[in-house]
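One-letter residues, chain by chain:
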Amino acid sequence: MTPATTAPEATTAPEATTAPEATTATEATTATTATSTASAPRVAIVGATGAVGSTLLELMESRGFRYSELHLVASARSAGRVLTVGEREYTVVAVEDFDFGRADVAFFSAGTAVSEKWVPVATEAGALVIDNTIAFRMDPDTPLVVPQVNAHELDRRPASGVVANPNCSTIPLVRLLRGVEDRWGIRNAVVSTYQAASGLGYSGVEELQESSRAALQGPDADFEANHFRPTLAFNVIPKIDRFLDSGFTLEEEKMLRESRKILGMPHLDVTTTCVRVPVANCHSEAVYVECQEPVDRAELVEVLAGLPEVRVHDRESATAFPTPAVVDSSDVVHVGRVRVTQNNPRAFWLWLVADNLRIGAALNALQIGEEIVARGTLEARP
């Protein structure tokens with residue numbers, strides 16, 4: 001996922017309702033230090049005013065994630081802003097001014113450069129970091145976690161002090177591949193992604209909207225693209241992130257390397273074409289999988305439907321399928337168009353849709369946090 005630092009920052013974000021009452025950050029610390037426990041950690045959100053950070057705060061409230069303190073941290077340009085979170089007001093603190101010794105868990109969603117600079121500061125201060133950038137994903141001392149796939153990696157505090165959140169397109173893919181590998185074994189997978197503008201945060205969506213309005217005005221309309229070149233309006237762009245010497249893009253390379261690490265399959269053959277499409281939110285993927293054994297479609301549908309937080313639309317109706325515009329839940333992976341190929345009984349296609357800000361970022365990060373609390377991992381704080 002392109003780092004969320006490109007996003008302009010949101011004005012509000014709801015707070016978890018279990019937060020203690022306090023009028024200032026100092027008072028909050030004083031009032032809750034005595035009762036802070038592993039089941040109600042002190043939480044910092046770095047990038048709290050961006051698209052992923054705002055979504056994370058919404059999910060903390062809706063899922064009832066308990067915390068004893070909440071600190072909203074962002075870039076210097078956002079410092080001093082007051083956000084209404086639930087029934088409280090929080091003043092955003094610049095990352096340069098925040099003492100990470102005041103956090104047990106720090107969620108980072110402010111882009112790779114911020115994570116590279118400040119995650120080591122946070123871990124040195126004793127915080128366990130859940131990082132939503134590429135910065136630490138392939139570090140051998142840092143687990144790369146999708147809780148529905150490899151939550152066992154959270155049984156102990158990582159040596160690096162960091163748990164990495166995977167790429168937004170990798171997460172829904174590996175959640176499905178896990179069940180397929182367990183039943184039939186996987187020989188290879190070919191994936192085409194159709195990734196929404198919100199992969200670049202709020203500013204990506206705004207540019208899509210502005211460029212679309214300009215395009216409708218005619219070819220001579222004045223519009224300068226900042227993120228999508230050529231323009232994304234009424235267009236598709238078969239390039240996300242930078243090109244590598246291999247001819248693949250970094251986004252495509254991420255999906256290969258991350259899938260191997262998460263699934264514990266170092267020789268897994270996954271090849272991908274990643275495409276940006278003029279959709280505001282929700283990534284889609286067309287996935288071809290060749291298995292070690294013949295696949296029965298009816299059984300495949302049941303295996304997929306039995307996976308955690310997965311909805312198979314053509315289990316309900318043979319002609320049903322999800323699209324970004326009509327999915328009715330942002331917190332499940334939506335699957336459709338499940339079909340075994342006619343000339344190879346070991347291979348099948350499927351189509352998936354997932355909310356990239358939730359499934360692909362904030363929700364996965366929060367579920368990591370929930371698992372860490374439930375497993376007592378924070379009790380090993382250095």
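Structure first, text after, so check above.
All residue numbers here refer to positions counted from 1 along the written sequence of the relevant chain. Only residues with pLDDT of 70 or above have their local features reported here, since the model is predicted, and side-chain atom pairs are shown and tallied only from 80 upward, although totals for entire chains, interfaces and linings are computed over all residues. Based on all heavy atoms of the structure, the side-chain values leave hydrogens and waters out of the count.

A. Just the pairing of strand β4 (residues 88–91), in detail. Of the two faces of β4, only one is covered, namely that formed by Arg 88 and Tyr 90; the face formed by Glu 89 and Thr 91 stays uncovered. Any two strands with at least two DSSP bridges between them are considered paired. The way it works is that DSSP assigns letters per residue, a run of H or I at least four long becomes a helix, a run of E at least two long becomes a strand, and they are numbered from the N terminus. Pairing of strand β3 (residues 82–85) with β4, which is carried by 4 bridges, proceeds in the antiparallel orientation. Bridge pairing links Val 85 to Arg 88 in β4. Where β3 folds back onto β4 in an antiparallel hairpin, the turn is made up of 2 residues, including Gly 86, whose phi is positive at roughly 65°. Only protein chains enter the calculation, and the probe is 1.4 Å; a residue is then buried if its accessible area is under 20% of its type maximum, exposed if over 50%, and partly exposed in between.

B. Local environment of unusual backbone geometry. The step from Arg 229 to Pro 230 runs through a cis peptide bond, and the omega angle for that step is -5°. Even without being a glycine, Arg 337 presents a positive backbone phi close to 55°. Take Arg 337: it is sitting in strand β13 (residues 333–340). Accessibility expressed as a relative area gives 42% for Arg 337, which makes it partly exposed.

C. Layout of the pattern of salt bridges. Each reported salt bridge corresponds to a side-chain nitrogen of Lys or Arg within 4 Å of a carboxyl oxygen of Asp or Glu. Evaluated as defined, the whole model comprises 20 salt bridges. Asp 314 is the salt-bridge partner of Arg 297, the closest N and O atoms lying 3.3 Å from each other. Of the two residues, Arg 297 is situated in helix α8 (residues 297–305) and Asp 314 in helix α9 (residues 313–316); the sequence distance between them amounts to 17 residues. Residue classification places Asp 314 among the buried positions, given a relative accessible area of 7%. Among the salt bridges present, the one from Arg 358 reaches Asp 331, with a minimum N-O distance of 2.8 Å. Of the two residues, Arg 358 is situated in helix α10 (residues 358–374) and Asp 331 in the loop between α9 and β13; the sequence distance between them amounts to 27 residues. Judged by relative accessible area, Asp 331 falls into the partly exposed class, the value being 22%.

D. Looking closely at the nonpolar core. If you look at the biggest cluster of nonpolar residues, it comprises 76 residues, and the most contacted ones within it are Met 60, Leu 70 and Leu 304. Tallying contributions element by element places α10 first for this core, with 8 residues. Definition used in this section: a nonpolar core is a set of buried Ala, Val, Leu, Ile, Met, Phe, Trp, Tyr and Cys residues joined via side-chain atoms within 4.5 Å. Judged by nonpolar contacts, the second largest core, of 17 residues, contains Val 46, Ala 103, Ala 122 and Val 162.

E. Representation of the pairing of strand β9 (residues 186–195). Bridge count between β9 and strand β11 (residues 283–291): 8 bridges; the pairing is antiparallel. Along β11, the bridge assignment pairs Ile 186 with Cys 291.

F. Spotlight on the packing of aromatic side chains. Any two rings among Phe, Tyr and Trp, with Trp reduced to its six-membered ring, count as a pair given centres within 6.5 Å; such a pair is stacked if its planes are under 30 degrees apart, edge-to-face if over 60, and tilted if neither. Following the criterion strictly, the structure yields 4 aromatic pairs and no others. Each ring, one from Tyr 194 and one from Trp 351, has its centre 5.6 Å from the other, and the planes form 45°; the classification is tilted. Placement of the pair is Tyr 194 in strand β9 and Trp 351 in strand β14 (residues 347–354), with a sequence separation of 157 residues. For Tyr 194, a relative accessible area of 31% gives the class partly exposed. On the accessibility criterion, Trp 351 (22% relative accessible area) is partly exposed. Joined through ring pairs, the aromatic side chains of Phe 98, Phe 100 and Phe 108 make up one cluster.

G. Region of interest: the packing of helix α5 (residues 170–184) against α10. Note on geometry: axes are lines fitted to C-alpha atoms, helical ones only across the stretch in contact, with angles between N-to-C directions running from 0 to 180 degrees. Contact pair α5 / α10: the axes reach a minimum separation of 8 Å and the direction vectors enclose 85°. Judged by the inter-axis angle, α5 sits roughly perpendicular to α10. Facing Ile 171, Pro 172 and Arg 175 of α5, the residues of α10 in contact are Ile 359, Gly 360, Ala 361 and Asn 364. Residue composition of the contact of α5 with α10, grouped by class: 4 nonpolar, 2 polar and 1 charged. For classification purposes, angles smaller than 35 degrees are called roughly parallel, those larger than 145 roughly antiparallel, those between 65 and 115 roughly perpendicular, and all remaining angles oblique. Here a residue-residue contact requires only that any non-hydrogen atoms of the pair lie within 4.5 Å. All residues other than Ala, Val, Leu, Ile, Met, Phe, Trp, Tyr, Cys, Pro, Asp, Glu, Lys and Arg, Gly among them, are scored as polar; the first ten of these are nonpolar and the last four charged.

H. Structural detail: the sheet that holds strand β12 (residues 310–312). Pairing within the open sheet is mixed, and its 6 strands lie in the order β10-β9-β11-β14-β13-β12. Every interior strand has two partners, whereas the edge strands, β10 (270–276) and β12, have only one. Strand-to-strand twist in this sheet, taken as the mean axis angle between neighbours without regard to direction, amounts to 20°. In the packing of α5 onto the sheet, the strands contacted are β9, β11, β12, β13 and β14, and the crossing angle to β11 comes to about 20°. Taken strand by strand, α8 contacts β12, β13 and β14, and its axis lies near 165° from that of β13.

I. Just α10, in detail. Every helix has an expected span of 1.5 Å times one less than the residues it contains. Here α10 is 17 residues long, yet its end C-alpha atoms lie only 21 Å apart, well below the 24 Å a rise of 1.5 Å per residue gives. For α10, the principal kink sits at Asn 364 and spans about 35°. Where α10 terminates, the next one or two residues include Gly 376, which has phi positive at roughly 70°. What the bend at a residue measures is the angle between two axes, fitted to the seven residues ending there and to the seven starting there.

J. Structural detail: the packing of helix α2 (residues 51–62) against α10. Relative to each other, α2 and α10 sit at 50°, their axes nearing to 9 Å. Looking at the two axes, α2 sits oblique to α10. As for how α2 packs across α10, the hand of that crossing is right-handed. Residues Val 52, Thr 55, Leu 56, Glu 58, Leu 59 and Met 60 of α2 pack against Arg 358, Ala 361, Ala 362, Leu 363 and Leu 366 of α10. For the contact of α2 with α10, the per-class residue count stands at 8 nonpolar, 1 polar and 2 charged. For any pair of crossing helices, the crossing counts as left-handed if the nearer helix is rotated counterclockwise from the farther one by less than a right angle, and right-handed if it is rotated clockwise.

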